[in-house]
Structures are given as structure tokens and as C-alpha cells.
Amino acid sequence: TQLLEQSPQFLSIQEGENLTVYCNSSSVFSSLQWYRQEPGEGPVLLVTVVTGGEVKKLKRLTFQFGDARKDSSLHITAAQPGDTGLYLCAGHNTDKLIFGTGTRLQVFP
Amino acid sequence: ETGVTQTPRHLVMGMTNKKSLKCEQHLGHNAMYWYKQSAKKPLELMFVYSLEERVENNSVPSRFSPECPNSSHLFLHLHTLQPEDSALYLCASSPGLDGFYEQYFGPGTRLTVT
């Protein structure tokens, strides 16, 4: 069974701090997506990374796909309360999208 | 607003009740999904439909019964549920079945089984 482990599971930080969330697997994925889910809502896609070693930036968020396409990281610079939510990675393999275990982020003002 | 709506947003039901969850997508997508999200487990895929045909059923108990009358609507019929079925049920759609596509999620139905 393919599994995507995310770490940390929970993260509480002050506004302005930097953080990194990790998504790891023993399986190779064709591509990897990151979603953010805010309270009371469904997950919303942030980014898709496709190529091993690829780095994508979305304002203060930086996403990296591992060289071997088995892992990914999300780095947030100068976190803001609006970044609060559940961050989910999802790996694409053939016709399936496998979701990670999730990282719940709380950013305090 | 993602283009995927779900009703009701909250549902409390007893173990002997029968109820249905509804999902509607306004995006012209061909694939629709039901997921279960609980506090202690990753997002669990329950059912997948492509062009109104069920293509995946991930060992879901028969007390959950999906229905897809057309490519825009998806239902999840519930009967004789157990307390451990309490969770957030999310519907999603995508242009096709390929896992490369982005999935568009509805806001979910928060189900409590008493």
C-alpha cells in the first residue's frame, strides 16, 4: 500500500516565523500536489510539481519535489494567520491520487 | 467557491435512520469522488465515478451506497450507520480520472451518528 507520511503532524507558531512541512514516501510518484484545507471547507489545490528537483514558488510558499520523486517539502516564509489550515500532499501514480497524512498549522498573531 | 456544492452541511442521524448526502458540480467534469475525512486517518477514498459509471469501490461497507444519476450529481445513501462512521464526507470532481488532474472539493458534510 502506498503511503505518504507528512511531518510534523501539528505545528503552532507565531506570526513572522518560518516553517517547513515534509511529505515522504517509499514510492515514486509521477507528480505531486499540495492542497490547503481551511476550517469548514474542502481542500484547495496550491501547486502541482512534476519534475524531480523542481522548485515552485507561490508568494511566500516554496514547494520542492525531491530528485527521486519520492518526497516533497513546503516552506513558508514569514507565516501569517491566514496561512492557518491543514496542509495535504497528494501523490499521483497511474490513475490514483494518494493523499498524505496531513500537517495542521496554526499561526498566532 | 470551487464549483462543487454539498448538502446538507451538517447532519445528525441515529443508527437506524436512512439519509442521503448530495453533491453537485458545475464544472463540466467527468469524474466524481466520495472521500471520508476523520480526525485520526488520512483522507480516505470511498468511491470513484467516471461518466456516471462506478470505477472504484475501496472496500466500503454496504451501509454506504453511492448513486451517480448523471455527470453533475453524486449521492451517498446512508443506512444503519455506526458511531465510527461519524466524519466529514467530502465530494470532489476532476476533468478526468488521471491522477494528474486537480481535484475540486466541496465544503463537505459533517456527519454525526448517535
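Check the entry above for the structure.
Just so we're clear, the structure is a prediction, and the values are computed from it rather than from any experiment. (Residues numbered from 1 in each chain as written. Chains lettered and ligands numbered in written order. Predicted model: local features only at pLDDT ≥ 70, side-chain atom pairs only at ≥ 80, totals over all residues. Heavy atoms only, no water.)

Enquirer: Report on the pairing of strand β8 (residues 71-76) of chain A, specifying residues and quantitative values.
Expert: All names here are of chain A. As judged from the 6 bridges shared by strand β3 (residues 19-24) and β8, these two strands associate in the antiparallel manner. In the sheet register, Thr20 faces β8, and the bridge partner there is His75. With 5 bridges joining them, strand β7 (residues 61-65) and β8 adopt antiparallel strand pairing. Bridge pairing in β8 places Phe63 opposite Leu74. (Pairing = 2+ DSSP bridges. Helix = DSSP H or I, 4+ residues; strand = E, 2+ residues; numbered from the N terminus.)

Enquirer: Break down the interface of chain B and chain A for me, with residues and values.
Expert: Taken together, the contact between chain B and chain A spans 18 residues of the former and 21 residues of the latter. Across the chain B to chain A interface the summed buried area is about 1,400 Å²; carbon plus sulfur atoms make up 56%. Here chain B is connected to chain A by 0 salt bridges. On the surface where chain B and chain A come into contact, there are 5 residue pairs in polar contact (both at pLDDT 80 or more). Put simply, the parts of the chain that give the side of chain B that touches chain A at least two residues each are β4 (31-37) and β9 (87-94) of chain B. Its residues placed into classes, the side of chain B that touches chain A shows 10 nonpolar, 4 polar and 4 charged. (Contact = heavy atoms within 4.5 Å. Buried area = accessible area lost by both parts, 1.4 Å probe. Salt bridge = Lys/Arg side-chain N within 4 Å of Asp/Glu carboxyl O. Polar contact = N/O pair within 3.5 Å; in protein donor to acceptor, adjacent residues only side chain to side chain. Nonpolar A, V, L, I, M, F, W, Y, C, P; charged D, E, K, R; others polar.)

Enquirer: Requested: an account of the state of the cysteines, with residues and values cited.
Expert: Tallied over the full model, the rule gives 2 disulfides over all chains. A sulfur-sulfur separation of 2.1 Å characterises the disulfide bridge that pairs Cys23(A) with Cys89(A). Where Cys23(A) bonds to Cys89(A) through sulfur, the torsion about that S-S bond is close to 80°, and the disulfide is right-handed. Of this pair, Cys23(A) sits in strand β3 while Cys89(A) sits in strand β9 (residues 85-93); the two residues are 66 residues apart in sequence, bridging distant segments of the chain. The two residues Cys23(A) and Cys89(A) agree in class, both being buried. There is a disulfide in this structure between Cys23(B) and Cys91(B), and the S-S distance comes to 1.9 Å. In this structure, the disulfide formed by Cys23(B) and Cys91(B) twists by about -70° around the S-S bond and is classed as left-handed. Of this pair, Cys23(B) sits in strand β3 (residues 18-25) while Cys91(B) sits in strand β9, and the two are 68 residues apart along the sequence. Accessibility classification places Cys23(B) together with Cys91(B) in one group, the buried group. Unpaired in terms of disulfides, Cys68(B) finds its nearest cysteine sulfur in Cys91(B), a separation of 9.1 Å. (Disulfide = S-S within 2.5 Å. Buried < 20%, exposed > 50% of the residue type's maximum accessible area, 1.4 Å probe, protein only.)

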